[in-house]
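An overview of the molecular structure
Chain by chain, the residues:
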Amino acid sequence: MTKDLVAEPEPHHHGKDYVDPAPAPLIDPGELKLWSFYRAVVAELVATMLFVFVTIATVIGNSATIAAKPCGGVGTLGVAWSFGGMIFVLVYCTAGISGGHINPAVTFGMFLARKVSLVRAVAYMVAQSLGAILGVALVKGLTGPLYKANGGGANIVSTGFSRGTGFAVELLGTFFLVYTVFSAADPKRNAPDSHVPVLAPLPIGFAVFMVHMATIPITGTGINPARSLGAAVIYNSEKIWNEHAMDILGWPIRRSGCSSCIPSIRAESGKPEPHHHGKDYVDPPPAPLIDPGELKLWSFYRAVVAELVATMLFVFVTIATVIGNSATIAAIPCGGVGTLGVAWSFGGMIFVLVYCTAGISGGHINPAVTFGMFLARKVSLVRAVAYMVAQSLGAILGVALVKGLTGPLYKANGGGANIVSTGFSTGTGFAVELLGTFFLVYTVFSAADPKRNAPDSHVPVLAPLPIGFAVFMVHMATIPITGTGINPARSLGAAVIYNSEKIWNEHAMDILGWPIRRSGCSSCIPSIRGESGSGQGLGLLPQRRRQPRLKASLLYSRRASH
C-alpha cells in the first residue's frame, strides 16, 4: 500500500521576513567619537591604496611587456581580471569594517540612499582619494621610467571615439555595477525563501571584470573616480585632467539615476549595529610555545605529511606551468599560457590546496605563513618547525620532479627560479614583494577573522577563494618585476635544484624579509581565528622572491582533529 504524497504549501510569513536598516542621519557628529568610525576610514584608505597599486602595476607591467614582446603580458583579459579580482578580494575583506565601498561613486550613492551620513561619506571619499594617490605614487616610484613611458595607468578616451561615446559607455558600465551592488546587498537575500545566498563580493567583482573587458578599448574604464584621480594627480597631464573632469561630472547623474531604481540595500548606516552581550564568536586559546605532547598525536604527523604533499603538488604544477610556458613561447612566439595563465596556476593551486588541507593542517603551504602563525600564537614552536621543514622538503621534491620530467627544458628555461628582472633594482624588488605580501596577509587575516562566524557577519566564510584570488592578483602585478616569490619554500626548492649563485643571492634576501614582514604585519590586522596546538586554525602571510619566473603561495585556515 502506498502513501499519497501531498505537497505542503510553503510557510506564510506575515509581513516582511527581512529588515531594512533605518536611514542614516544626514549629519551625525556623534560618529566622530566612535573608534569604529576611524577604523572604517582607515580600512577604506588602505583598501583603495592596495586596489590601485596592484591594478595600476598590472597595467604598467602589461604595457611594458607587450612593448618588448608583442605576445607577452597579461593582455586586456588579465587587466580586467586584475580590477575585478581586486574588488572581489577587498570587498570581501572590508565589508564587515567599512562596508567595502573602495569607490567614491559607491559612497556617494550610499549617501543619496541614506545608508551613510554626510560625515561618513565625506571621510570615506577623502580616504579613498588619498589611498588612490598613494597607490599610484608607489607604482611610479617602483617602476621608474616605465611608468611615464606607458601612460601612468591614466584614463583617456581612445582614438576614434568621441567624449560623448566615452561618457555614455562609462554611464552604462556604472549602471551595471550599481545594479549589481544594490542587488547583491538587497536585504531580501536574508529572507528564508531567498533563492541566492549572500556572497556579494563575488558578483560585484565579476561585474567590475565584465565592465572592464567591454570598456577598456574605449575609455580604459574609469568607473572609480578615486582610481582616475590618483592616476591624474601623479601622471599630471592636461589631457588626462580634461577626461577625468568628465568622469567626476558623471557621479551625480549615475548615482541619482540608479540609486532609486533598485530595491533598498543592506548597507552600513551611521547608527551602530545592534549590541551583542559578549562576543558572538570564539577566539581559540593561544597555542603553547613548546608542546612536546603533540609528538604523541597521530593528527600531528598527518598534518605534517599533508603540508609536505600539498607543497610538493603546488610547486610541481606551478613550476611545470612556468617551464612549459617558456618552452612553448620559445618555439611558438604567441603560444603558451602567458603571464595570465602562470598567475592563474599559482592562485588556482593555492585555492584548491588550501581548500583540501584546511581541515587537516590549516592549509599553510608556505613557511612564511607558518612563521606568522607561530608569532600570532596559533601554532606551537614544535608544529611550526615541523611544518616548515615539511614544506621545504616538499618544494624541493616538487621542483626535482619537474626537472626529472622536463629534462633539458628545465635548465634552458630558468628552472622556475626567482630573480629581479633587468631594469629593476634589488630595492624595487624588495619593496614590490613587501607590498604584495602585505596584501596577501591582509586578505588572509580578513578571511580567517572569527567575526565571520558571528550572526551579523556581512560575508560568509569561504577563505580559500579570496586567498587564491589574492595570490593570482599579486602574480599578475609582480611577475614582470620579480617573478613573484611570496613563498620561501617555492623559492628554496627552485634555488636548490637550479643551483645558481645569482639565484641564491636573491633567495637569501627573500629569507631575510620574513621577520620584517611578519612582525610588521601580524599586529596591524584584527585578531584572527587561527590554529592552536589543539584546535581550530587558520593562516597567515607570505613573503618574497625575484625573477621573471614567478610564484606565490600562501596559506590559511586550519582545524586539527586530535
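Residues numbered from 1 in each chain as written. Predicted model: local features only at pLDDT ≥ 70, side-chain atom pairs only at ≥ 80, totals over all residues. Heavy atoms only, no water.

Of regular secondary structure, the chain possesses 18 helices and two strands. When the accessible surface of the chain is totalled, it reaches about 22600 Å², and 68% of it is carbon and sulfur. (Helix = DSSP H or I, 4+ residues; strand = E, 2+ residues; numbered from the N terminus. Areas by Shrake-Rupley, 256 points an atom, 1.4 Å probe, with all protein chains shown as cover.)

Of note, I102 is a non-glycine position whose phi angle comes to about 55°, a positive value. Secondary-structure assignment places I102 in the loop between α2 (75-94) and α3 (104-112). Using a relative accessible area of 0% as the deciding quantity, one classes I102 as buried. Although it is not a glycine, T484 sits at a positive phi angle of roughly 65°. One can find T484 in the loop between α16 (464-482) and α17 (488-498). T484 gets classed as buried once you look at its relative accessible area, which sits at 0%. (Buried < 20%, exposed > 50% of the residue type's maximum accessible area, 1.4 Å probe, protein only.)

A word on the packing of aromatic side chains. In this structure the tally under the stated criterion is 19 aromatic pairs. Ring centres 5.6 Å apart and planes at 80° place the aromatic pair W81 and F206 in the edge-to-face group. In this pair, W81 sits in helix α2 while F206 sits in helix α7 (residues 201-219), placing the two residues 125 residues apart along the sequence. A residue is classified by how much of its surface remains accessible, and W81, at 13% relative accessible area, is buried. Of the residues examined, F206 reaches a relative accessible area of 33% and is grouped as partly exposed. Aromatic ring contacts, followed pair by pair, group W81, F88, Y92, F206, F209, W344, F469 and F472 into a single cluster. K411 extends its terminal NZ or CZ atom over the ring of Y498, reaching a point 4.5 Å from the ring centre. (Phe/Tyr/Trp six-rings, centres within 6.5 Å; stacked < 30°, edge-to-face > 60°. Lys NZ or Arg CZ within 6 Å of the ring centre and 35° of its normal.)

A few words on the packing of α2 against α16. At a minimum axis separation of 9 Å, α2 and α16 run at an interaxial angle of 140°. Between α2 and α16, the angle falls in the class oblique. The two elements α2 and α16 cross, and the hand of that crossing is left-handed. Along the contact surface, α2 presents G78, W81, S82, G85, M86, F88, V89 and Y92, while α16 presents L465, P466, F469, A470, F472, M473 and M476. Partitioning the contact of α2 with α16 into residue classes produces 12 nonpolar, three polar and no charged. (Axes fitted to C-alpha atoms, helices over the stretch in contact; angles between N-to-C directions. Parallel < 35°, antiparallel > 145°, perpendicular 65-115°, else oblique. Left-handed = near helix turned anticlockwise from the far one by under 90°. Contact = heavy atoms within 4.5 Å. Nonpolar A, V, L, I, M, F, W, Y, C, P; charged D, E, K, R; others polar.)

Let's shift gears to the nonpolar core. Within the largest apolar cluster, 98 residues are counted, with the highest numbers of intra-cluster contacts made by L50, L90 and F439. Ignoring any residue separated from it by four or fewer positions in sequence, one finds F439 in contact with L50, M86, V89, L90, A470, M473 and V474. (Core = buried A, V, L, I, M, F, W, Y, C linked by side-chain atoms within 4.5 Å.)

Turning next to the pattern of salt bridges. Two side chains bearing opposite charge may form a pair once their charged atoms approach each other closely. The final tally for this structure, using the stated rule, is two salt bridges. Its salt-bridge partner being E31, residue R120 comes within 2.8 Å of it at the nearest N-O pair. Of this pair, R120 sits in helix α4 (residues 118-143) while E31 sits in the segment before α1 (35-68); the two residues are 89 residues apart in sequence, bridging distant segments of the chain. Residue class for E31 comes out buried when judged on its relative accessible area of 0%. Notably, a salt bridge pairs E294 with R383, separated by 2.8 Å at the nearest N-O pair. A residue pair is termed long-range when its members are at least 10 positions apart, and E294 in the loop between α9 (238-258) and α10 (298-331) and R383 in helix α13 (residues 381-406) qualify at 89 residues. Residue R383 is classed as buried on the basis of its relative accessible area, which comes to 0%. (Salt bridge = Lys/Arg side-chain N within 4 Å of Asp/Glu carboxyl O.)

For the chain, the mean per-residue pLDDT works out to 78, and 74% of the residues sit at or above 70. Every residue in residues 1-8 scores below 50 in pLDDT, and together they form zero contacts with partners more than four places removed in sequence or on other chains. This stretch, residues 512-562, has a pLDDT under 50; its non-local contacts, to residues over four places away or in other chains, come to 283 contacts. (pLDDT = per-residue confidence, 0-100.)

Close contact between α3 and α4 brings their axes to 9 Å; oriented N to C, the two are set at 175°. What the angle tells us is that α3 and α4 run roughly antiparallel. Residues P104, T107, F108 and F111 of α3 form the contact with α4, whose participating residues are L118, A121, Y124, M125 and Q128. Residues of the contact of α3 with α4, tallied by class, amount to seven nonpolar, two polar and no charged.

Helical periodicity: at 3.6 residues per turn, an α-helix aligns residues three or four positions apart in one direction. Its 26 residues give α13 an end-to-end C-alpha distance of 38 Å, which sits within 8% of 38 Å, the value for a rise of 1.5 Å per residue. Looking one or two residues past α13, G407 carries a phi angle of roughly 60°, positive in sign. (Expected span 1.5 Å × (residues − 1).)

What follows covers a nonpolar patch on the surface. A contiguous nonpolar surface patch, about 510 Å² in accessible area, is contributed by L26, I27, L118, V122, V126 and L130. In this fold, V126 is placed in helix α4. V126 gets classed as partly exposed once you look at its relative accessible area, which sits at 46%. (Patch = residues over 30% accessible without salt bridge, like charges linked within 9 Å, V, L, I, M, F, W, Y side chains within 5 Å.)

A separate point is the environment of T174. You can see T174 is positioned in helix α6 (residues 163-184). Here the alpha-carbon distance between T174 and G222, two residues 48 residues apart in the chain, equals 9.2 Å.

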